[in-house]
Amino acid sequence: MPVLVQISDIHIGSLYNSSVFDKIVQEVNSMKPDAIIVTGDLTDEGILPQFEVARKELARFDCQDLIIIPGNHDYRHTGYLLYKKFFPATQINDMDEVVVITLSTARPDRDEGEVGYRQLSWMQKAIREFEGQHKKIIVAMHHHLIAIPDTGTDKILILDAGDALRVCLESHVDLVLCGHKHRPWIWNLGPLQIAYAGTASTSRFRGFFQNSYNIIEIKNADLTVKLKIVGGESIPLSDLVSNYKPYS
Ligand SMILES: [Fe+2]
Ligand SMILES: [Fe+2]
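Thresholds, definitions, all that
Residues numbered from 1 in each chain as written. Chains lettered and ligands numbered in written order. Predicted model: local features only at pLDDT ≥ 70, side-chain atom pairs only at ≥ 80, totals over all residues. Helix = DSSP H or I, 4+ residues; strand = E, 2+ residues; numbered from the N terminus. Rg over C-alpha atoms; globule rule 2.2 N^0.38 Å. Buried ≥ 20, exposed ≤ 12 C-beta atoms within 10 Å, placed from the backbone. Contact = placed C-beta atoms within 7 Å. Pairing = 2+ DSSP bridges. Axes fitted to C-alpha atoms, helices over the stretch in contact; angles between N-to-C directions. Parallel < 35°, antiparallel > 145°, perpendicular 65-115°, else oblique. Nonpolar A, V, L, I, M, F, W, Y, C, P; charged D, E, K, R; others polar. Right-handed = clockwise from strand over helix to strand, strands pointing away. Core = buried A, V, L, I, M, F, W, Y, C linked by C-beta atoms within 7 Å.

Novice: Can you break down the overall build of the protein residue by residue, with the values?
Specialist: When its secondary structure is counted, the protein shows 6 helices and 12 strands. Taken against the 2.2 N^0.38 rule, which gives 18 Å for 248 residues, the C-alpha radius of gyration of the protein at 17 Å falls within 12% of a compact globule. Principal-axis analysis of the C-alpha atoms gives the protein an extent of 45 × 40 × 40 Å. Per-residue burial over the protein gives 43% buried out of 248 residues. The contacts of the protein with a sequence gap of at least 6 include a subset with a gap of at least 24, amounting to 72%.

Laid out in structure tokens, this is it:
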């Protein structure tokens, strides 16, 4: 049974909690996941010393497939130039039963995300290559594809979210992984699930006040996303949604 881990919004900088990250490293390494997907905002300000720490911290994971994408914070202060040197991208990650495709939604010095026509048509063609192979298709991006509760304004959504969502549905993507909002959540759109990770290691919480990451389990035809509280329990992410009580 393939097991993947999604870690997001590490935010190395002034609100970074290294002891929480130590715990994540310990927990995730003992899980021996097939891949770890880091969905952006590795750093808080996109500056050189933060990238150096980020590289050192991520190297502590004992996992062959470490899939890393940038967030808007990583592209600040010319961080987009450094990011490419520290974390060269592999956009198609083909494993035995699952393919992880990464999209870059971050843009230099901009908080809103954009996938772009070229990247979307590239993704559509890339997914077509796996037709008939019965692999689960996972697309990972930093910005959130659909708005989520408790996160305030949605001015900083993906600008072309509608186009990206249409391509994901048409291409029969099984799961989209997003970060950015520091709020664990999941939308189930029939065949497509869209899962959001909380923040792994900063105290900049939104509506959910514990550090967490996601665990993706693929068993036969089923794909389940679980929320793992750092140092605590793990529950299906869908339970968090069904137990949600607004304004209580
Ligand atoms: Fe973030
Ligand atoms: Fe972000």
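Next, the rest of the story.
Novice: Describe the sheet that holds strand β5 (residues 98-102), with residues and values.
Specialist: Spatially, the 6 strands line up as an open sheet ordered β4-β5-β6-β7-β9-β8, and their pairing is mixed. The sheet is open, and its two borders are formed by β4 (92-94) and β8 (185-189), each paired with just one other strand. Along the sheet, successive strands turn relative to each other by an average axial angle of 15°, direction set aside. Pairing analysis gives 4 bridges linking strand β7 (residues 175-178) to strand β9 (residues 192-196), with the strands arranged parallel. Bridge assignment links Leu177 to a residue of β9, and that residue is Ala195.

Novice: Break down the sheet that holds strand β11 (residues 222-229) for me, citing the residues and quoting the values.
Specialist: Overall, mixed pairing links the 6 strands, which are arranged β3-β2-β1-β10-β11-β12 in an open sheet. In this open sheet, the two edge strands, each paired with only one partner strand, are β3 (65-69) and β12 (234-236). Here the strands of the sheet are splayed against their neighbours by 25° on average, with no regard to which way each runs. With 8 bridges joining them, strand β10 (residues 212-219) and β11 adopt antiparallel strand pairing.

Novice: Can you explain the packing of helix α4 (residues 117-128) against helix α5 (residues 161-170)? Please cite residues and give values.
Specialist: With their axes 10 Å apart at the nearest point, α4 and α5 run at an angle of 5° to one another. For the element pair α4 / α5, the angle class is roughly parallel. Note on element contacts: α5 touches α4 through Asp163, Ala164 and Val167, opposite Leu120, Met123 and Gln124. Along the lines of polarity and charge, the residues of the contact of α4 with α5 split into 4 nonpolar, 1 polar and 1 charged.

Novice: So what's going on with the pairing of β3? Residues and values would help.
Specialist: Strand direction decides the pairing type here: strand β2 (residues 35-39) and β3, joined by 5 bridges, are parallel. Residue pairing in the sheet places Ala35 in a bridge with Asp65 of β3. In the classification by handedness, the crossover that spans β2, the intervening helix α2 (residues 48-58) and the parallel β3 is right-handed.

Novice: Just give me the short version of the nonpolar core, but keep the residues and values in it.
Specialist: If you look at the biggest cluster of nonpolar residues, it comprises 62 residues, and the most contacted ones within it are Ile37, Val38, Val100, Ile138, Val139, Ala140 and Val176. Once residues lying within four places of it in the same chain are set aside, the contact partners of Val176 are Val139, Leu145, Cys168, Leu192 and Ile194.

Novice: I'd like to hear about the environment of Pro70, residue by residue, with values.
Specialist: Locating Pro70 in the fold gives a position in the loop between β3 and α3 (79-86). For Pro70, a count of 27 C-beta atoms within 10 Å puts it in the buried group. For Pro70 and Ala89, which are 19 residues apart along the polypeptide, the C-alpha to C-alpha distance reads 9.4 Å. Sequence-distant contacts of Pro70, that is, excluding residues within four places in its chain, are made with Gly40, Tyr75, Tyr83, Ser104, Ala106 and His142.

All we've got here are geometric facts, nothing functional implied.
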